[in-house]
Amino acid sequence: MSGAVDLSSLKQPPAGASGGGGGAAGDYTVGEADFETRVLRRSTQVPVVVVLYSQRSPGSVELVRLFEKLVAESGGSWDLAAVEAEANMRIAQALRVQGIPTVVAIAAGQPLADFEGVQPEPQVRQWLTAVVDAVAGKLEGAEPGEPEPAEDPRFVAAEEALERGDLAGAEAVYEAIIAAEPENDEAKGALRQLRFLGRAQGLSPEVVATADANPADVQAAVRAADFELFNQQPEAAFERLIRTVKVTAGDDRTAARTRLLELFELFDQAEPFVVAARRKLAAALY
């Protein structure tokens, strides 16, 4: 999930937001008011497993109980946040939850892995082991009790612009940071995400049908790929643009290839589906 989901909106809870839903998960209950502290910031130290459940779903409540037992056995290698979905719809929407229960691992403030539905304990243990192994030695947040590093006021200004819905203002801030610091990877990544969201969030499903009906139409293909990626279908987006590269030439082929490379940059380059798509692109080109 990393790279395609924006959790920045959850850094500022709405007025009156509560710190949890209660009922299913004792000290691990988290709501919009404390999501930033207990999930986003905590995930800079260890991965945080967010379990979205409902009191109306006994199976999801039992899954929370299972995670409570497992986190008690973990020795602090990961943390748990139980979120009651109905009471915290902004969290559910930000994580693009389609069903209950949904479990999402957050590391360094970004979604790392997820699954939906009740799973047996052996599979849950295996999934947790994979999550912890994936971030071993990579999380470098402050130790508990140490002061948090001061936030860069430029990034704060960009986030505030985003909260106001001022995408152009936020983009201008990131561009200014990059102009002053060409090697600032954080600003580069934020700008890539912002430009993608600006393009994709207004697209409708019709763009996919249009692209399917016109395989050589590069503009239709890039719009459809943006729509698919925005809806958590990166493999479909990559395959579409690779097909377009195969059936086009000249400037059209360059445009399709360029957009595909831009979409690759939204993800960790070690992701298996990115590696596989890069190989297919190389084969399509040569």
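Scoring rules and cut-offs
Residues numbered from 1 in each chain as written. Predicted model: local features only at pLDDT ≥ 70, side-chain atom pairs only at ≥ 80, totals over all residues. Heavy atoms only, no water. Helix = DSSP H or I, 4+ residues; strand = E, 2+ residues; numbered from the N terminus. Buried < 20%, exposed > 50% of the residue type's maximum accessible area, 1.4 Å probe, protein only. Contact = heavy atoms within 4.5 Å. Areas by Shrake-Rupley, 256 points an atom, 1.4 Å probe, with all protein chains shown as cover. Axes fitted to C-alpha atoms, helices over the stretch in contact; angles between N-to-C directions. Parallel < 35°, antiparallel > 145°, perpendicular 65-115°, else oblique. Nonpolar A, V, L, I, M, F, W, Y, C, P; charged D, E, K, R; others polar. Pairing = 2+ DSSP bridges. Core = buried A, V, L, I, M, F, W, Y, C linked by side-chain atoms within 4.5 Å. Phe/Tyr/Trp six-rings, centres within 6.5 Å; stacked < 30°, edge-to-face > 60°.

Draft legend 1. Structural view of the overall build of the protein chain. The helix and strand inventory of the protein chain stands at 12 helices and 4 strands. Counting over 286 residues, the protein chain shows a buried share of 43%. By sequence separation, contacts in the protein chain at least 24 residues apart represent 63% of the contacts at least 6 residues apart. Total accessible area on the protein chain stands at roughly 14200 Å², and carbon and sulfur atoms take up 51% of it.

Draft legend 2. Region of interest: the packing of helix 10 (residues 234-247) against helix 12 (residues 272-285). Relative to each other, helix 10 and helix 12 sit at 5°, their axes nearing to 9 Å. Between helix 10 and helix 12, the angle falls in the class roughly parallel. Of the residues in helix 12, those in contact with P234, E235, F238, E239, I242, V245 and K246 of helix 10 are F273, V274, A277, K280, L281, A284 and L285. Per-class residue counts for the contact of helix 10 with helix 12 are 10 nonpolar, no polar and 4 charged.

Draft legend 3. Seen up close, the sheet that holds strand 4 (residues 110-116). Here 4 strands make up an open sheet; going across it, the order is 2-1-3-4 and the pairing mixed. A strand with exactly one partner marks an edge of an open sheet, and here the two such strands are strand 2 (79-84) and strand 4. Across the sheet, the axes of successive neighbouring strands diverge by a mean angle of 20°, strand direction being ignored. Across 6 bridges, the pairing between strand 1 (residues 48-53) and strand 2 is parallel. Paired with L52 across the two strands is V83, which belongs to strand 2. Packing against the sheet, helix 2 (residues 58-72) makes contact with strand 1, strand 2, strand 3 (102-107) and strand 4, and its axis sits at approximately 160° to strand 1. Helix 4 (residues 121-134) contacts strand 1, strand 3 and strand 4 of the sheet and is inclined by roughly 170° relative to strand 4.

Draft legend 4. Examining the nonpolar core more closely. F196, L229, F238, L241, L260, L263 and F264 are the most contacted members of the largest nonpolar core, which has 24 residues in total. Secondary-structure elements contributing two or more residues to this core are helix 7 (185-200), helix 9 (218-230), helix 10, helix 11 (250-264) and helix 12. One finds V61, A105, F115 and V131 within the second-largest nonpolar core, a separate group that totals 20 residues.

Draft legend 5. Region of interest: the packing of aromatic side chains. Taken as a whole and assessed by the stated rule, the structure comprises 8 aromatic pairs. Arranged with centres 4.9 Å apart and planes meeting at 80°, the rings of F238 and F264 form a pair that is edge-to-face. With F238 in helix 10 and F264 in helix 11, this pair connects stretches of sequence that are 26 residues apart. Owing to a relative accessible area of 0%, F264 belongs among the buried residues under this scheme. One aromatic cluster is present, formed by F238, F264, F267 and F273 through successive ring pairs.

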